[in-house]
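Commentary on secondary and tertiary structure
Letter by letter, the chains look like this.
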Amino acid sequence: MTAASAVSAASAVSDAAPSTANPLIASSAEGHRRILTGDRPTGPLHLGHYFGTLQKRVQLQRQGIELMIVIADYQVITDRDRADRVAEHAENLVLDYLAAGVDPDRATIFTHSAVPALNQLMLPFLSLISVAELSRNPTVKDEIAHSRQATVSGLMFTYPVHQAADLLFCKADLVPVGQDQLPHLETTRTIARRFNDRYTPLFPEPQALLSEAPLLLGTDAGKMSKSRGNAITLGADEDETARLLRGAVTDNDRYISYDPETRPGVSNLVLLIALCQDRDPHAVAEEIGSGGAARLKRTATEAVNEYLRPLRTRRAELAADRALLREVLHTGNARANAIADRTLTEVRTAMGTF
Ligand code: TRP
């Protein structure tokens, strides 16, 4: 069994009913036509992003589902004063997507700020959700708790409605995301339902496609995040990868096992190897056995560097061509504008406005 299927087999036994009966969560991509998902342009993508969603986006695109990716530049200023180096970060996201295998001829990669009609949808959508509903969103509450700002801005409070506009402007019906995005998806579905009831049925209620693989942690066994210095970015070189993994948190038990609850640091490295080699984490742990943390780290470094080698080679080639990256964004923005203009016209007609 692989890392991903080990978990889905376990959950099939323990909670098959909730995951298949929950209309918010899709059990597969079958029957869906358009995916939308996105990232904030705050820094380079790392292995957590890759195994959490990026790999899935590429797989789904290869299956023939249309892929839309929003570079969420307006979301950057939810929890900080300025969007620092936002154009550079946006271009680097395009670079990471293409290096990971996203086909720019078939995907639409765009930025919020370049698509006015998308942003305008936020106004009618705001009227369809109450302040009480917005204030219950657990992901927003958590972000407020960790924000660098002294006050909570109106944008922080309402960005899930903006995210609803991301999904509904293009009538996306499937969203490959992590657990933390589920409250936003619930808001989106509520807005779609209320719009359809109040005016004319226009919008699908998109479903989440959750990653099957367990969450990959940072090298300190906390949440993987570039700002915490515990993340292996896709573009890191082999020496930096080795250095980060050498410093990873493990424990004193020489015998390596896979037990995320009691041995988070060790298990996270085992999981990383399993994901890179598409193997069962228990088998990986058994193979290392009494080799201890040193052997575990060496194996993890080799596994990551080997797995990422083709991606990094492509990335280095593409990185030299900034004009191409900008061109991908220009084309994506033009396509997104055409779709958003059409949807806004439908919304105006449905509402009877000009
Ligand atoms: N909120 C997402 C994040 O922080 C980014 C995002 C913006 C997104 N719009 C989206 C994700 C629409 C899925 C769908 O990572």
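So, here is what we can say about the structure in this document.

Calculation criteria
- Residues numbered from 1 in each chain as written.
- Predicted model: local features only at pLDDT ≥ 70, side-chain atom pairs only at ≥ 80, totals over all residues.
- Heavy atoms only, no water.
- Helix = DSSP H or I, 4+ residues; strand = E, 2+ residues; numbered from the N terminus.
- Expected span 1.5 Å × (residues − 1).
- Axes fitted to C-alpha atoms, helices over the stretch in contact; angles between N-to-C directions.
- Parallel < 35°, antiparallel > 145°, perpendicular 65-115°, else oblique.
- Left-handed = near helix turned anticlockwise from the far one by under 90°.
- Contact = heavy atoms within 4.5 Å.
- Nonpolar A, V, L, I, M, F, W, Y, C, P; charged D, E, K, R; others polar.
- Pairing = 2+ DSSP bridges.
- Right-handed = clockwise from strand over helix to strand, strands pointing away.
- Near = heavy atom within 4 Å.
- Polar contact = N/O pair within 3.5 Å; in protein donor to acceptor, adjacent residues only side chain to side chain.
- Areas by Shrake-Rupley, 256 points an atom, 1.4 Å probe, with all protein chains shown as cover.

**So, helix H14 (residues 322-351)**
- Look at H14: 42 Å from first C-alpha to last across 30 residues, which is about the 44 Å you get at 1.5 Å a residue.
- Looking one or two places after H14, you find Gly 352, whose phi comes out positive at around 75 degrees.

**Overview of unusual backbone geometry**
- In the Ramachandran plot, Lys 171 falls in the positive-phi region, its phi being about 55 degrees despite a non-glycine side chain.
- For Lys 171, the position within the fold is in the loop between helix H8 (154-168) and strand S4 (174-177).
- For Asp 278, which is not glycine, the phi dihedral falls at a positive 50 degrees.

**Things to note about the packing of helix H7 (residues 138-146) against H8**
- Taken N-terminus to C-terminus, the directions of H7 and H8 make an angle of 150 degrees; their axes are 10 Å apart at the nearest point. Relative to H8, the element H7 is oriented roughly antiparallel. Crossing angle aside, the handedness with which H7 passes H8 is right-handed. Contact with H7, carried on its side by Thr 139, Val 140, Glu 143 and Ile 144, involves Met 156, Phe 157, Tyr 159 and Pro 160 of H8 and no other residues of that element.

**Focus on the packing of helix H11 (residues 264-277) against helix H13 (residues 292-319)**
- Direction vectors running N to C along H11 and H13 enclose 35 degrees, while the axes themselves pass 9 Å from each other. As for the relative orientation of H11 and H13, their crossing is left-handed in sense. In contact with Val 266, Leu 269, Val 270, Leu 272, Ile 273, Cys 276 and Gln 277 of H11, H13 contributes Leu 296, Lys 297, Thr 299, Ala 300, Ala 303, Val 304 and Tyr 307.
- Tallied by class, the residues present in the contact of H11 with H13 amount to eleven nonpolar, two polar and one charged.

**With respect to the pairing of strand S5 (residues 207-210)**
- Pairing geometry for S4 and S5, over four bridges, is parallel. Residue Leu 174 lies in a different strand from S5, and its bridge partner there is Gln 207.
- As for the winding sense of the linkage, the β-α-β connection from S4 through helix H9 (residues 182-198) to S5 is right-handed.

**Section: the site of the ligand**
- The environment of the ligand is formed by Leu 36, Thr 37, Gly 38, Arg 40, Val 70, Ala 72, Gln 75, Gln 163, Asp 166, Val 175, Val 177 and Gln 181.
- Here a nitrogen atom of the ligand and a side-chain polar atom of Gln 75 are 2.9 Å apart.
- Take Gln 181: an N or O atom from its side chain is 3.0 Å from a nitrogen atom of the ligand.
- Look at the ligand: alone it shows 360 Å² of surface, and the protein chains cover 88% of it.
- Elements with a minimum of two residues in the shell around the ligand: strand S1 (34-39), H8 and S4.
- For the shell around the ligand, the element with the highest residue contribution is S1, accounting for three residues.

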